[in-house]
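Structure assessment
Next come the chains, spelled out residue by residue.
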Amino acid sequence: MTYLLDVSTLLAWLWVDHEHHQRVMRWQKGKSVAVCPIIELGFIRISTQPAFGATMDEARKMLSAWQEKIQPRFIPCDLRLLDSAAAPASGRTTDFYLASLAEKHGMNWATLDNDSRHQTAFVLPD
């Protein structure tokens, strides 16, 4: 099984001081993972916020180094929003799109969000 990473999962993987870093590190061993442009953009956007404090160049280098090392599968965002599962609330639109995208590509969506309700959502164990 290949897992499309959620932004939160990728952030926890790459930022060693993230509260869920060890959780992701335990889980990822031997896993096949994937990313898409939304995940990459989310990583860059959040990593350059004051809470993480990376510059744009630093965040791009972190992502690039991780991609070189891990060699995740890259999938395009080739699912129209209206062809994805309808989110139960506005705050879940991206989650449900990503989960539907994973499903389209025969994957699960790997998230840290215990409230995920999509059938392809895989919540990483504690």
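The structure reproduced in this document is the subject of the present report. Treat the numbers as computed from the prediction; the structure is a model and nothing was measured.

Here the focus is the packing of aromatic side chains. Applying the stated criterion to the full structure yields five aromatic pairs. Between the aromatic rings of Tyr-3 and Trp-27, the centroid separation amounts to 5.2 Å while the plane-to-plane angle is 80°, which identifies the pairing as edge-to-face. With Tyr-3 in strand E1 (residues 2–5) and Trp-27 in helix H2 (residues 21–28), this residue pair connects regions lying 24 residues apart in the sequence. Across the pair, Trp-27 and Tyr-3 agree in class, each one buried. Aromatic pair Trp-13 and Trp-66: ring centres 5.2 Å apart, planes at 80°, arrangement edge-to-face.

A separate point is the environment of Val-24. Tracing the sequence through the fold places Val-24 in helix H2. Val-24 sits twelve residues away from Ala-12 along the chain, and the two C-alpha atoms are 6.5 Å apart. Those residues within four positions of Val-24 in sequence are excluded, and the remaining contacts are Thr-9, Ala-12, Trp-13, Leu-112 and Leu-124.

Even without being a glycine, Gln-71 presents a positive backbone phi close to 55°. Relative to the helices and strands, Gln-71 is located in the loop between helix H4 (56–70) and strand E3 (73–74). The class for Gln-71 is exposed, based on a relative accessible area of 59%.

This part is about helix H1 (residues 7–14). One turn of an α-helix holds 3.6 residues; hence residues three or four places apart share an orientation. The element H1 is largely enclosed, with a buried count of seven among its eight residues. Those residues of H1 hidden inside the fold are in contact with E1, H2, strand E2 (32–35), helix H3 (37–47), H4 and strand E4 (108–111).

Conventions adopted
Residues numbered from 1 in each chain as written. Predicted model: local features only at pLDDT ≥ 70, side-chain atom pairs only at ≥ 80, totals over all residues. Heavy atoms only, no water. Phe/Tyr/Trp six-rings, centres within 6.5 Å; stacked < 30°, edge-to-face > 60°. Helix = DSSP H or I, 4+ residues; strand = E, 2+ residues; numbered from the N terminus. Buried < 20%, exposed > 50% of the residue type's maximum accessible area, 1.4 Å probe, protein only. Contact = heavy atoms within 4.5 Å.

Purely geometric numbers; function is a separate question.
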